Amino acid sequence: SGYFLVRAKDQYGNATSLGLNETLEATCSDKNLKIVTQDMYDAGVYKVTYCTDKAASYKVDVHLVNSTAGTKVLLNGSPLAVTVLPDKPCQEQCTFVDCKQYSAGQKGA
């Protein structure tokens, strides 16, 4: 699992917090990446936690949702590129691969 942080700012660039009827909504169209939590981390900073079993690059959309006004606005910088790197080798997942036969002068693929 991993996470990223979102800092809330007002229209003038000042740090602020979300209002009572405002929430962050992070989504990823790739079902291999699951958004787990979207919680307050620090004053005006929100932590979005995700998990996956597959190393890949994902695009995550982050919206500011106002339930009273019925609005959903995509945040600047969204979609966010999230790159998940492979974990260390796992003995149970490692397999042998047949070696290709090459003639003199051929290059490997």
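Residues numbered from 1 in each chain as written. Predicted model: local features only at pLDDT ≥ 70, side-chain atom pairs only at ≥ 80, totals over all residues. Heavy atoms only, no water.

Chemist: I tried to follow a nonpolar patch on the surface on my own but got confused; where do I start?
Modeler: Taken together, the side chains of Tyr-3, Leu-5 and Tyr-41 present a nonpolar region at the surface, about 320 Å² in accessible area. Structurally, Tyr-41 can be placed in strand β3 (residues 34-42). (Patch = residues over 30% accessible without salt bridge, like charges linked within 9 Å, V, L, I, M, F, W, Y side chains within 5 Å. Areas by Shrake-Rupley, 256 points an atom, 1.4 Å probe, with all protein chains shown as cover. Salt bridge = Lys/Arg side-chain N within 4 Å of Asp/Glu carboxyl O. Helix = DSSP H or I, 4+ residues; strand = E, 2+ residues; numbered from the N terminus.)

Chemist: Help me understand the packing of aromatic side chains, please; the structure alone is not making it clear to me.
Modeler: Each aromatic ring pair is described using two quantities: the centre-to-centre distance and the angle formed by the ring planes. Throughout the structure, instances matching the rule amount to one aromatic pair. One residue, Lys-47, lies across the ring of Tyr-3, its end atom 4.4 Å from the ring centre. (Phe/Tyr/Trp six-rings, centres within 6.5 Å; stacked < 30°, edge-to-face > 60°. Lys NZ or Arg CZ within 6 Å of the ring centre and 35° of its normal.)

Chemist: Help me out: how do you make sense of the side chain of Thr-52 in this one?
Modeler: With respect to the helices and strands, Thr-52 occurs in the loop between β4 (45-51) and β5 (56-66). Overall, Thr-52 belongs to the buried group, its relative accessible area being 17%. Here the side chain of Thr-52 touches Asn-32 through a polar contact of 2.6 Å, landing on its backbone oxygen. Within the local environment of Thr-52, its side chain forms a polar contact with the side chain of Tyr-58, the two groups lying 3.3 Å apart. Once you skip the residues sitting within four places of it in the chain, Thr-52 turns out to touch Asn-32, Leu-33, Tyr-58 and Val-84. (Buried < 20%, exposed > 50% of the residue type's maximum accessible area, 1.4 Å probe, protein only. Polar contact = N/O pair within 3.5 Å; in protein donor to acceptor, adjacent residues only side chain to side chain. Contact = heavy atoms within 4.5 Å.)

Chemist: Whenever I open this one, the pairing of β3 confuses me. Can you help?
Modeler: Sheet topology note: the β3/β4 ladder contains seven bridges and is antiparallel. If you follow Thr-37 over to β4, its bridge partner there is Thr-49. Hairpin geometry of β3 and β4 is characterised by an intervening segment of two residues between the two adjacent antiparallel strands and by a positive phi of about 75° at Gly-44. (Pairing = 2+ DSSP bridges.)

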